[in-house]
Number of protein chains: 6
Amino acid sequence: MERHDNRTANELRTIAITTGYITHPEGSVLMEMGQTKVICNASIEDRVPPFMRGQGKGWITAEYAMLPRATEQRNIRESSKGKVSGRTMEIQRLIGRALRSVVDLSKIGERTIWIDCDVIQADGGTRTASITGAYIAMVTALHQLVENKVIKELPVSDFLAAISVGVLPDGQEVLDLNYMEDSTADVDMNIVMTGKGEFVELQGTGEEATFSAKQLQAMLQLGEQGIQALIDKQKEMLGSITDLVN
Amino acid sequence: MERHDNRTANELRTIAITTGYITHPEGSVLMEMGQTKVICNASIEDRVPPFMRGQGKGWITAEYAMLPRATEQRNIRESSKGKVSGRTMEIQRLIGRALRSVVDLSKIGERTIWIDCDVIQADGGTRTASITGAYIAMVTALHQLVENKVIKELPVSDFLAAISVGVLPDGQEVLDLNYMEDSTADVDMNIVMTGKGEFVELQGTGEEATFSAKQLQAMLQLGEQGIQALIDKQKEMLGSITDLVN
Amino acid sequence: MERHDNRTANELRTIAITTGYITHPEGSVLMEMGQTKVICNASIEDRVPPFMRGQGKGWITAEYAMLPRATEQRNIRESSKGKVSGRTMEIQRLIGRALRSVVDLSKIGERTIWIDCDVIQADGGTRTASITGAYIAMVTALHQLVENKVIKELPVSDFLAAISVGVLPDGQEVLDLNYMEDSTADVDMNIVMTGKGEFVELQGTGEEATFSAKQLQAMLQLGEQGIQALIDKQKEMLGSITDLVN
Amino acid sequence: MERHDNRTANELRTIAITTGYITHPEGSVLMEMGQTKVICNASIEDRVPPFMRGQGKGWITAEYAMLPRATEQRNIRESSKGKVSGRTMEIQRLIGRALRSVVDLSKIGERTIWIDCDVIQADGGTRTASITGAYIAMVTALHQLVENKVIKELPVSDFLAAISVGVLPDGQEVLDLNYMEDSTADVDMNIVMTGKGEFVELQGTGEEATFSAKQLQAMLQLGEQGIQALIDKQKEMLGSITDLVN
Amino acid sequence: MERHDNRTANELRTIAITTGYITHPEGSVLMEMGQTKVICNASIEDRVPPFMRGQGKGWITAEYAMLPRATEQRNIRESSKGKVSGRTMEIQRLIGRALRSVVDLSKIGERTIWIDCDVIQADGGTRTASITGAYIAMVTALHQLVENKVIKELPVSDFLAAISVGVLPDGQEVLDLNYMEDSTADVDMNIVMTGKGEFVELQGTGEEATFSAKQLQAMLQLGEQGIQALIDKQKEMLGSITDLVN
Amino acid sequence: MERHDNRTANELRTIAITTGYITHPEGSVLMEMGQTKVICNASIEDRVPPFMRGQGKGWITAEYAMLPRATEQRNIRESSKGKVSGRTMEIQRLIGRALRSVVDLSKIGERTIWIDCDVIQADGGTRTASITGAYIAMVTALHQLVENKVIKELPVSDFLAAISVGVLPDGQEVLDLNYMEDSTADVDMNIVMTGKGEFVELQGTGEEATFSAKQLQAMLQLGEQGIQALIDKQKEMLGSITDLVN
């Protein structure tokens, strides 16, 4: 059974990753999954937030936003509204947690890694593309600390990528939903996984629907395949830095 | 292996549910899971939010808060801070989505069911206790609409409860974590499930840790047992209304 | 002439005071005046606000809130609105001032006593019930400091309670108005008084009405009787601590 | 016993009232009580706030502010802080309530009278000066409606003025406290009274102090004298309009 | 060709400057340009904002506001709206920049000069009147520092005034537009200039219109004349302090 | 005399304009001036803001933002701060005014053209690059309305571009300052001009410095040259649409 863009159920969209995209950040990636485009920047700040001070360890935090016209309909800017939406908060908390799971914060000193994921064009899967792209930006920034002899070794224990899976109205489980699929799906699940195939985060939601244990297993299997392909791509982009991850 | 409060791995805390707790709301429940106490009120408003108007269907939305001293350390009130935290937003979005999954919104007319979950004492598992208690408050309020002949039948397709499961630092998977367990656990997972055993929501997180597919299966099994027990308790509290759910 | 709930003009509603209501706070009281129910928690923090630092003395501050459905109509949460209403501010300033009038702040060191009054069910007189209940919670918390030998003696100079009085549309002065009376009264007056019968606060308001000197005297007399009864109840609840107040 | 500025206990400060102070408002008064100077403007808007619509009656609402350097120390602007303080809210609610008590809102149609009291120089008693001055501005604006034949008669039932009284640390009750007295007084009471000598509002506060029934009577007597003098001054300023008030 | 208020194209409105207008500030001026009236207060604070600390130099910052009824239509208070408008921000940034251009900040120590410009009556040209009046208030405040031997000499390098010029719909360039002219003008330009005739700020805007190089020159010439007259007035008001400016 | 990047005083940086940059907006341009990169999107909304309704004409409004790491130091997001800075407000008001000056709003019906300028990399001149790029995006969007026969003709009266000029510390007037020049310049001036060479906006500022009439003329001359080159580039990008502008 074919999807509306001719992909098979377990087929990812075209992946394009541009490193060094913006000049100033210590790590900068343009992450493209089909028509979804996210600028992922990693910045290093030489201090930690108040609640972390004096512990001799670092912190990783993420912010996520969309350009107003990243979507079909223009959205009001969150700066104009004067507050960040619940959706945005959920996503930025997710990105931060995911990245922290593979970094040994005790090895980066009292530094904060700021991850900024700015969606310039959205077609579904922006939060998972953000995590996958931000991982590369973060590793690049941390590697720069190693190069500058600020820290001794790359404090990254594994690769990390994310993908969405879901169940379409016809009952078909599919990988990497685009916006059209996402907006009609019965079930939507985001999976964050390491290079060793361990789960970091699993968020499955049946909005006005439910899903069975069997459907869960099918989605997990699709997700694992997708993540493995994304991690292969990450290794390719990171080149020789790949060997420093462990 | 015993837990610090002498429970076995698959043992729920003592459940106490008081219905009709507050006078004014259409449904009101004091939900207690061990030392966690949540007032769950359901209010019916005869209109829907702007984005729903004119569709002839209803809406369910939830708000969640803690009294400042529900916890060991006093928290600053969100009204004083002037904004709702990301954690609060996540939880209230979760409660709303969960409840909407078992209600046929097209059968309640242009009405909003407001669910207010106010934690007066917290000892872990406040979001899952909120969902389990709010379900009863909501069904009570909807049943009142039936009694008052405002709607014809109870538009509730199934029972619904939620529970937390997790992995302790010693690797043991456990059910219904209290605060002491939750704050040290490697993995924390919240499961929302229907009476038929279908998943509504699955949120597993390994903060600075990961979990394997095997651990996931063990947690899902514990969760299913816990939810079945909670739903039995819900049926007991709802009495004759139980038969109207389907 | 009889009131709508059969009370006489100088009759208080049924008083119920539960101490030790919530586990975590240093002092916790559920204060009930008829159908009005307020959770009054006292928390001790080992520092004072910036404007008090370095003076070697303490501070008492109060916050007041209502659950959204404490009232007949659901109110929007102040945390959702992003600001605290003028009414709430007035009440919490009143509670704080009242309690400070009977405590020797120079004897508690640089500590803040946080008073949280959360109305879970409202039927008129919530601010006066808050003061009367918060007094007990505060004394309990201060007594714990004495027990723990943090301070030498209970720094409380007198008992303190509050009650509302008013003039009904028929011209009758009455004590302890419930919501139905309060919403139609010509005059509403809140009185805060010490055990020695001294005034701490007097706030009389004739919204779209006025009151004469004679009516004022009648209201003051009713208020004094009511407060004496409340203070008797406080003494009963505080038991042996009662003797330490002076 | 003499006060620090040589006034006797029952002596008001020099009163100066300038009408027609600002060009645009329908009523505009510069109210001076000694060194306290308040611009009181009354504006008429041809609609009422949402909660009043469709009732065929009007509304009176007040706003109060201080210039940042009205006081000895510069205060941060409330517009810069992004919120109005509790003190400001209390005062503007008081001014609005007081003025509404002498106006028949059903006779002004669906109109709002906006009262703006802006303190340009503060030396104690700003809220009572605001009420006394705002009364004149309001009556002027309402009279203009009569002149323009928008309404038939002046819907004002009585005169209205306000003054502060208090107890100094030496136990002396005094009238019309300036800032130096106010900041050290044991008791501070604001009285709003009509031309007929009826109370509209009574707010007595003993911050870290209390007051006896006898002191209360002494303060009320001083207040009544002061208010009578202020109302005489109001009549003088209003000239022939005076006869229309009843 | 005559203007609607009978002025010639290069004629200023009547200027009235009252010094020492408010008691508390170190410098206080009531600046009147025709019907435009602005209270300009200068306050000295013995510290600088965080971004300036430790540099041994001072800072000048300005705030600008209007009373709600300074204008024909009542405006909502910015404190009630909870935020400062873009227009207000532009104006206060302009005033601050302008004043800083003639003060040697390295000679005033770590002090902040707060400039508060509060428009009590508006008839066009409020921002330029604010600058011209604030200059006098600021110099007065700085001179007081000299008098009190806090600083050695007046750190003011030149006089400074501002005026508006514009092009009316009939093509006529005019000086010092009042509100009626300003609201219909094709071009509006604000000029800030020193006593030596150097530009400090030039802001010309053609809302839904444009202007030629020739019109620009004509406006600049008018502006220069106006500013010279304003500076003559400033010298007169500052009296003997005038000689200390250089 | 050479500039630090080897440009001559009247030399623009390399201009790169990519049209159709983002898929969803009706007009989308990536505008690059040297290292400054701005995404300029134009969106058409079929209604106008409340203050414009019922007049049968349209509106153009602009929003401007920077990615947090568009600059050398990471800036806090305005959505996180909960408010838009004064600088941002100034810039977006400037962009909106500038674009409105060349569009006949009465010919676009009750529609709003939203202009979003998002700086993804900043190296000086972001506001002028925004105007120049937004002009193309806006014309593209308006042309689409013509193509879709929603409006009859392109309601654009002229070309429009903007550039910065300034005076370096050595007294040299220069065109198109980059960040290093801008941050040290004595004078900074932004010029917005039409294809016919008329001024739309002129904003010259001497922060802690002043400028003479002669320097002003030199800057205006440089600006005019720069703008002419930019408009040539605009014509090239707009191709056949160019002929519809008049």
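Along each chain, residues carry numbers from 1 onward, in the same order as the chain's sequence is written. All chains are assigned letters beginning with A, and all ligands numbers beginning with 1, in the order in which they are written. In keeping with the predicted nature of the model, local features appear solely for residues at pLDDT of at least 70, side-chain atom pairs appear and are counted solely at 80 or more, and the whole-chain, interface and lining totals rest on all residues. Note: side-chain values were computed over all heavy atoms of the structure, leaving out hydrogens and water.

The cut-off we apply is this: UniProt positions are given in the numbering used here, feature names are shortened, and annotations may be inferred rather than shown by experiment.
Identification of chain A as Ribonuclease PH from Oceanobacillus locisalsi is taken from an unreviewed UniProt entry. Under the UniProt heading Subunit (unreviewed entry), the entry covering chain A gives this text: "Homohexameric ring arranged as a trimer of dimers." Recorded in UniProt under Catalytic activity (unreviewed entry), the annotation for chain A is "tRNA(n+1) + phosphate = tRNA(n) + a ribonucleoside 5'-diphosphate".

### With respect to the environment of S164 of chain F
Residues and elements named next belong to chain F. What counts, and what does not: Here a strand is any run of E in DSSP of at least two residues, a helix any run of H or I of at least four, and the numbering for each starts at the N terminus. We call two residues in contact whenever any of their non-hydrogen atoms come within 4.5 Å of each other. Polar contacts, as used here, are pairs of N or O atoms within 3.5 Å; protein pairs need one atom able to donate a hydrogen and one able to accept it. Residues neighboring in sequence count only if both atoms are side-chain atoms.
Mapped onto the elements of the fold, S164 is located in strand β6 (residues 160-167). When neighbours within four sequence positions are excluded, S164 is seen to be in contact with T128, L175, D176, L177, D188, M189 and N190. Side-chain polar atoms of S164 contact the backbone nitrogen of L177, separated by 3.3 Å.

### A short note on the sheet that holds strand β2 (residues 27-33) of chain D
All names here are of chain D. Filter applied, for reference: When DSSP finds two or more bridges between two strands, those strands count as paired. Throughout, an axis means a line fitted to C-alpha atoms (over the contacting stretch in the case of helices), and angles, computed between N-to-C directions, take values from 0 to 180 degrees.
Taken in spatial order, the 5 strands make up an open sheet running β1-β2-β3-β5-β4, and their pairing is mixed. Here the strands that pair on one side only, and so sit at the sheet edges, are β1 (15-19) and β4 (59-66). Here the average twist between neighbouring strands, direction ignored, is 15 degrees. Bridge count between β4 and strand β5 (residues 112-121): 8 bridges; the pairing is parallel. Paired with Y64 across the bridge in β5 is C117. Where helix α2 (residues 86-100) meets the sheet, its contacts fall on β4 and β5, and the angle it forms with β4 comes to roughly 145 degrees. Helix α5 (residues 213-238) contacts β1 and β2 of the sheet and is inclined by roughly 30 degrees relative to β1.

### A word on the UniProt feature "domain: Exoribonuclease phosphorolytic" (unreviewed entry) in chain A
Residues and elements named next belong to chain A. As annotated in UniProt, the feature "domain: Exoribonuclease phosphorolytic" (unreviewed entry) corresponds to residues 11-141 and 159-225 in the numbering used here. The span residues 11-141 shows a helical share of 27% and a strand share of 31%, and its end C-alpha atoms are spaced 31 Å apart. End C-alpha atoms of residues 159-225 are separated by 15 Å, and the span's content is 28% helix alongside 39% strand.

### A short note on the relation of the copies chain A and chain F
Put simply, the rule is: Superposition of the copies was done by least squares, using only C-alpha atoms of residues whose pLDDT is at least 70 in both.
Rotating chain A by 180 degrees and moving it 0.0 Å along the rotation axis overlays it on chain F with an RMSD of 0.0 Å. Here the transformation between the copies is reduced to the relation of a two-fold axis.

### Focus on the pattern of salt bridges
Quick reminder of the rule: We count a salt bridge whenever a side-chain nitrogen from Lys or Arg sits within 4 Å of a carboxyl oxygen from Asp or Glu. Here the term buried applies to any residue with accessible area under 20% of the maximum for its type, exposed to any over 50%, and partly exposed to those in between, with areas from a 1.4 Å probe on protein chains only.
Applying the stated criterion to the full structure yields 126 salt bridges over all chains. Between R13 of chain D and D176 of chain D there is a salt bridge, and its shortest N-O distance comes to 3.2 Å. Linking R13 of chain D in the segment before β1 with D176 of chain D in the loop between β7 (173-175) and α4 (179-182), this pair joins segments that are 163 residues apart in sequence. D176 of chain D matches R13 of chain D in its accessibility class, with the two residues each being buried. A salt bridge links D116 of chain E to R74 of chain D, with the nearest nitrogen and oxygen atoms 2.7 Å apart. Taken as a pair, D116 of chain E in strand β5 (residues 112-121) and R74 of chain D in the loop between β4 and α1 (78-81) lie in two separate chains rather than in one. Assessed through its relative accessible area of 0%, D116 of chain E is described here as buried. Through salt bridges with shared partners, a single network forms among R3, D5, R7, R13, D123, D176 and E181 of chain A.

### Topic: the interface of chain A and chain F
For clarity, the cut-off: When two parts are brought into contact, each loses some accessible area as probed by a 1.4 Å sphere; the total of that loss over both is the buried area.
Of the residues lining the interface, 33 residues belong to chain A; the matching set on chain F comes to 33 residues. Buried area between chain A and chain F, summed over both chains or domains, comes out near 2800 Å², and the portion from carbon and sulfur atoms is 45%. Applying the counting rule to chain A against chain F returns 12 salt bridges. The partner of D118 of chain F in a salt bridge is R77 of chain A, and the shortest N-O contact between them spans 2.9 Å.

### A few points about the nonpolar core
Rules: By convention a nonpolar core is built from buried Ala, Val, Leu, Ile, Met, Phe, Trp, Tyr and Cys residues, the set being connected through side-chain atoms within 4.5 Å.
Membership of the largest hydrophobic core comes to 473 residues, with the highest contact counts inside it found for Y135 of chain A, Y135 of chain B, Y135 of chain C, Y135 of chain D, Y135 of chain E together with Y135 of chain F. Residues contacting Y135 of chain F, with those up to four places away along its chain left out, are L99, V102, V156, D158, F159, L160, Q234, L238 and V245 of chain F.

### Quick look at the pairing of strand β2 (residues 27-33) of chain E
Residue and element names in this part refer to chain E. Most of β2 sits out of view: 7 of its 7 residues are buried. Burial of the side chains of β2 extends over both faces: G27, V29, M31 and M33 are buried on one face and S28, L30 and E32 on the other. Sheet analysis places β2 next to strand β3 (residues 36-45), joined by 7 bridges and oriented antiparallel. Note on β3: the bridge partner recorded for G27 is A42. Taking the residues that link successive antiparallel strands as the turn, the β2-β3 hairpin has 2 residues, and the phi of G34 there is positive, at about 60 degrees.

### Let's talk about the relation of the copies chain D and chain C
Of the two same-sequence chains, chain D is brought onto chain C (RMSD 0.0 Å, axial shift 0.0 Å) by a rotation of 180 degrees. Interface overlap between copies is the fraction of interface residues in one copy that are interface residues in the other; for chain D against chain C it reaches 100%, indicating a shared surface.

### Points about the packing of α2 of chain D against helix α3 (residues 126-147) of chain D
All names here are of chain D. Put simply, the rule reads: An angle counts as roughly parallel when it lies under 35 degrees, as roughly antiparallel when it exceeds 145, as roughly perpendicular when it falls between 65 and 115, and as oblique in every other case. In a left-handed crossing the near helix is turned counterclockwise from the far helix by less than a right angle, and in a right-handed crossing that turn is clockwise.
For the pair α2 and α3, the least separation of the axes is 10 Å and the interaxial angle reads 40 degrees. As judged from the angle between their axes, α2 and α3 are oblique. Considering only the axes of α2 and α3, their crossing is right-handed. Between α2, through R87, E90, I91, L94, I95, A98 and L99, and α3, the contact on the second element is made entirely by T126, R127, S130, I131, A134, Y135 and M138.

### A few points about the sheet that holds strand β4 (residues 59-66) of chain A
All names here are of chain A. Pairing within the open sheet is mixed, and its 5 strands lie in the order β1-β2-β3-β5-β4. Whereas interior strands pair on both sides, the edge strands pair on one side only; in this sheet they are β1 (15-19) and β4. Going across the sheet, the axis of each strand differs from the next one's by a mean of 15 degrees, ignoring polarity.

### Let's talk about the arrangement of the chains
Where chain A comes nearest to chain D, the C-alpha atoms are still 12 Å apart, and the two do not contact one another. Chain C makes no contact with chain F; the smallest distance between any of their C-alpha atoms is 12 Å.

### Here's the deal with the environment of K107 of chain B
All names here are of chain B. Relative to the assigned elements, K107 resides in the loop between α2 (86-100) and β5 (112-121). As for K107 and Q203, which are separated by 96 residues in sequence, their C-alpha atoms are 29 Å apart. Filtering out sequence-adjacent residues up to four positions away, K107 remains in contact with I151, E153 and P155. In terms of polar contacts, K107 uses its side chain to reach the side chain of E153, at 3.4 Å.

### Quick notes on the packing of aromatic side chains
The condition is simple: Only the six-membered ring of Trp is used, alongside the rings of Phe and Tyr, when aromatic pairs are assigned; centres must lie within 6.5 Å, and planes under 30 degrees apart are stacked while those over 60 apart are edge-to-face, with the rest tilted. Two conditions define a charge located above a ring, namely a distance within 6 Å from the ring centre to NZ of Lys or CZ of Arg, and an angle within 35 degrees of the ring normal.
Per the counting criterion, the structure on display carries 18 aromatic pairs over all chains. Seen from their ring centres, F51 of chain E and W59 of chain E are 5.4 Å apart, and the 85 degrees between their planes marks the pair as edge-to-face. Here W59 of chain E falls in the buried class, since its relative accessible area comes to 15%. Here the basic side chain of K235 of chain C rests over the ring of F159 of chain C, its NZ or CZ set 5.1 Å away from the ring centre.

### Comments concerning the pairing of β5 of chain B
Each regular strand displays side chains that alternate between the two surfaces of the sheet. All names here are of chain B. The element β5 is largely enclosed, with a buried count of 9 among its 10 residues. Both strand β3 (residues 36-45) and β5 contribute to a ladder of 9 bridges, which runs antiparallel. Paired with S43 across the bridge in β5 is W114.

### Things to note about unusual backbone geometry
One non-glycine residue, N6 of chain C, lies in positive phi territory at about 75 degrees. Owing to a relative accessible area of 55%, N6 of chain C belongs among the exposed residues under this scheme. Despite not being glycine, K149 of chain D has its phi angle at roughly 55 degrees, a positive value. Within the secondary structure, K149 of chain D sits in the loop between α3 and β6 (160-167).

### Digging into the interface of chain D and chain C
Put simply, the test is: When residues are sorted by character, Ala, Val, Leu, Ile, Met, Phe, Trp, Tyr, Cys and Pro go into the nonpolar class, Asp, Glu, Lys and Arg into the charged class, and all the rest, Gly among them, into the polar class.
Each partner contributes residues to the interface: chain D has 32 residues there, and chain C has 33 residues. Of the roughly 2800 Å² buried between chain D and chain C on both sides combined, carbon and sulfur atoms contribute 51%. At the junction of chain D with chain C, the criterion picks out 13 residue pairs in polar contact (both at pLDDT 80 or more). Contributions of two or more residues to the side of chain D that touches chain C are made by α2, β8 (187-194), β9 (199-205) and α5 of chain D. Of the residues assigned to the side of chain D that touches chain C, the class counts are 12 nonpolar, 11 polar and 9 charged. For strand β9 (residues 199-205) of chain C and β9 of chain D, the ladder comprises 5 bridges, and the chain directions are antiparallel.

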